[in-house]
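Observations on chain architecture
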Amino acid sequence: RLFDLDPDLLPLFQYNCKQFASPEECLSAPEFLDHIRKVMLVIDAAVNHLEDLPCLGEYLCSLGKKHQAAGVKVESFSTVGESLLYMLENCLGTAFCPDVREAWTKLYDAVVKAMRRGWDALPEGV
């Protein structure tokens, strides 16, 4: 769904200097699947630290800096969030009620807000 929503994100997923010719090629690449696992580990950490999300603040800020260095734009995270909600809705079916959507949206927004600090932080020495 990610590349359906924003095909311009495809070039951001280059592994070993390889550019993918199509979203399908990227989606089946082991490196992309590993990246998705890492994304889900961050989501899992956020869920497990729901009562103390600020404890992940520095890690998420650093992750934001890494994404900025890779050329990711903050706005792209809304597309990722929309894709996450789409996946949850498809997996959960009728259990994905408005309250569940709102809870996941709030959690994802908190993660992105912490990561965004990586964009907002000044480089060291400035």
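Heads up: the structure comes first, above all this text.
In this numbering scheme, every chain counts its residues from 1 along its sequence in written order. This being a predicted model, a pLDDT of at least 70 is required before a residue's local features are given, and a value of 80 or more before pairs of side-chain atoms are given or counted; all residues contribute to the totals for chains, interfaces and linings. To obtain the side-chain values, all non-hydrogen atoms of the structure were included, while hydrogens and water were left out.

Turning our attention to the packing of aromatic side chains. When two rings of Phe, Tyr or Trp (its six-membered ring) have centres within 6.5 Å they constitute a pair, described as stacked for plane angles under 30 degrees, edge-to-face for angles over 60, and tilted for the intermediate range. Here the structure, examined in full by the defined rule, presents 4 aromatic pairs. When the centroid spacing of 5.8 Å and the interplanar angle of 80° are considered together, the rings of F3 and F13 count as edge-to-face. Linking F3 in helix α1 (residues 2–5) with F13 in the loop between α1 and α2 (23–27), this pair joins segments that are 10 residues apart in sequence. You'll find F3 and F13 in the same group, each marked buried. Between F77 and W119, the aromatic rings sit 5.7 Å apart at their centres with planes inclined by 85°, giving edge-to-face as the arrangement. Residue F77 is located in helix α5 (residues 76–92), and its partner W119 is located in helix α6 (residues 98–120); the two are separated by 42 residues in the primary sequence. Accessibility assignment for this pair places F77 and W119 in one class, buried. Taken together, the aromatic side chains of F3, F13 and F32 make up a single cluster linked through ring pairs. Under the DSSP-based scheme used, a helix requires at least four consecutive residues in state H or I and a strand at least two consecutive residues in state E, with every element numbered from the N terminus. Exposed residues in this analysis have more than 50% of their type's maximum accessible area, buried residues have under 20%, and partly exposed residues fall in between, with area computed by a 1.4 Å probe over protein chains only.

Okay, the pattern of salt bridges next. Salt bridges are defined by distance alone: a side-chain nitrogen of Lys or Arg within 4 Å of a carboxyl oxygen of Asp or Glu. Under the definition given, this model contains 5 salt bridges. Between D34 and K38 there is a salt bridge, with the nearest N and O atoms lying 3.5 Å from each other. Pair noted here: D34 and K38 are both in helix α3 (residues 30–48), with a separation of 4 residues, about one helical turn. Residue classification places D34 among the partly exposed positions, given a relative accessible area of 35%. Between R101 and E89 there is a salt bridge, and its shortest N-O distance comes to 3.3 Å. Of this pair, R101 sits in helix α6 while E89 is found in helix α5, placing the two residues 12 residues apart along the sequence.

The axes used here are C-alpha line fits, helices contributing only the stretch in contact, and every angle between their N-to-C directions lies in the interval 0 to 180 degrees. Where α5 contacts α6, the two axes come as close as 11 Å, and the packing angle between them is 155°. Compared by their axis directions, α5 and α6 come out roughly antiparallel. Considering the relative orientation of α5 and α6, their crossing is right-handed. Counting all contacts with α5, which are made through F77, V80, G81, L84, L85, L88, E89 and L92, the residues of α6 involved are V100, R101, W104, T105, Y108, V112, M115 and W119. Note that Gly is not counted as nonpolar here; it falls among the polar residues with everything else outside the nonpolar set of Ala, Val, Leu, Ile, Met, Phe, Trp, Tyr, Cys and Pro and the charged set of Asp, Glu, Lys and Arg. Looking at the contact of α5 with α6, its residues break down into 12 nonpolar, 2 polar and 2 charged. Relative orientations are named as follows: roughly parallel for angles under 35 degrees, roughly antiparallel for angles over 145 degrees, roughly perpendicular for angles from 65 to 115 degrees, and oblique for any other angle. Should the near helix be turned anticlockwise from the far one by less than a right angle, the crossing is termed left-handed; should it be turned clockwise, right-handed. Note on definitions: a residue-residue contact is assigned when non-hydrogen atoms from the two residues lie within 4.5 Å.

Any functional reading would require information that these geometric values do not contain.
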